[in-house]
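Coordinates in review
Each chain is listed here by its residues.
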Amino acid sequence: MKLHQSTASIFVPDGRPVPDALKRITHLGIGAHQDDLEFMAFHGILECFGEETKWFGGVTCTNGSGSSRTGVYKKFTDVQMMSVRRTEQNNAATVGQYGVMIQLDYPSSTIKSPTDQALKIDLKEILVATKPEVVYTHNPADKHNTHIGVVVAALQAMRELPRDQRPKKVIGCEVWRNLDWLVDAEKVLMDVSGHDNLAAALNGVFDSQVAGGKRYDLATLGRRASNATFFESHATDAANQLIFGVNLTPLVTDETKNIVEFVCGFIDQFKDDVKTKLARQLGKI
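This is a predicted model, so every value here is computed, not measured.

1. Some words on a nonpolar patch on the surface
- Nonpolar side chains collect at one region of the surface, where Phe270, Val274, Leu278 and Leu282 lie side by side and expose about 370 Å² of accessible area between them.
- Checked against the element boundaries, phenylalanine 270 lands in helix α12 (residues 259-281).
- Residue classification places phenylalanine 270 among the partly exposed positions, given a relative accessible area of 35%.

2. Topic: unusual backbone geometry
- One non-glycine residue with positive phi stands out, namely aspartate 35, at about 100°.
- Using a relative accessible area of 4% as the deciding quantity, one classes aspartate 35 as buried.
- Of note, the phi angle at aspartate 105 is positive, near 65°, even though the residue is not glycine.
- Relative to the elements of secondary structure, aspartate 105 occurs in strand β4 (residues 100-106).

3. Here's the deal with the pairing of strand β5 (residues 134-138)
- Most of β5 sits out of view: 5 of its 5 residues are buried.
- Here β5 pairs with strand β6 (residues 169-173) via 5 bridges, running parallel. Bridge pairing in β6 links valine 135 to valine 170.
- Note that the unit made of β5, helix α7 (residues 145-159) and β6 has a crossover that is right-handed.

What counts, and at which threshold
- Each chain has its residues counted from 1, following the order in which its sequence is written.
- Per-residue local features are limited, in this predicted model, to residues with pLDDT of at least 70; the limit for side-chain atom pairs, both in listing and counting, is 80 or more; totals at the level of whole chains, interfaces and linings are taken over all residues.
- In computing side-chain properties, one takes all heavy atoms of the structure into account and sets aside hydrogens as well as water.
- Only residues whose relative accessible area exceeds 30% and that take part in no salt bridge are eligible for patches, with like-charged residues grouped when within 9 Å of each other and nonpolar side chains (Val, Leu, Ile, Met, Phe, Trp, Tyr) grouped when within 5 Å.
- Here, Shrake-Rupley sampling with a 1.4 Å probe gives the accessible areas, and only protein chains in the shown set may cover a residue.
- Every case where a carboxyl oxygen of Asp or Glu lies within 4 Å of a side-chain nitrogen of Lys or Arg is listed as a salt bridge.
- To qualify as a helix, a DSSP run of H or I must reach at least 4 residues; to qualify as a strand, a run of E must reach at least 2; elements of each kind are numbered from the N terminus.
- Burial classes: relative accessible area under 20% of the type maximum marks a residue as buried, over 50% as exposed, and values in between as partly exposed (1.4 Å probe, protein chains only).
- Criterion used throughout: strands pair if DSSP finds at least two bridges between them.
- Looking down the strands as they point away from you, a crossover is right-handed if its path from the first strand over the helix to the second goes clockwise.

Shape is all these values report; function is a separate question.
Structure (structure tokens):
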């Protein structure tokens, strides 16, 4: 597998040869930054944790140079921060028993470029080598431009694969914009209840971000708890930790679908739902 960045790395926590490690992957997470996988693709990590026939593979696309930093990390240079972030991500892969952890080491500027094809080509190489059944990536309505760059590249890569080699399920996940606004019928519900210790362990690995000024550890578990409690207004909670996703599989199975129109269709559904409820209460319908 040939990757564009000479500094890209492939880490296999259990020491298996890289080709073997890649072939065993069944669930693949494709995230922009170190820690995105643990926040958004925890469902996939859990699906494979402790299993012998299911393996989670992680792909982190950026190099971590733009990370926030305060406290003990306040004076860290970009180079130092990149090293810390890379180590943290590999440590998370060990804690989560990932089958493989790939760090592509791109600067965010490259990923946000609408004309640079390197990331898409790398992701296509990885998808061919792993042939995952399920892919977790960012949701296309995320507000972080680097996340948008990653999900678009990932979708384009999957759409270029032969039809029989495309993942069976592709889920867009919450990070920098939640999916509470999706109408309930369109939400992919991922119940991750009962695994708070593992979630906390994975989130806590990223000390440079938590101690560096962003309480992602609290926010991530808080969002999942909020999703679980506020999902259903007239029933007791069926879960206590719930991740919302959006089903992106139709964009992968049919490469002729317009990505922008597909995503905006969900927004139109939300608008219609709000409009209908208000109009009914006002006696307009």
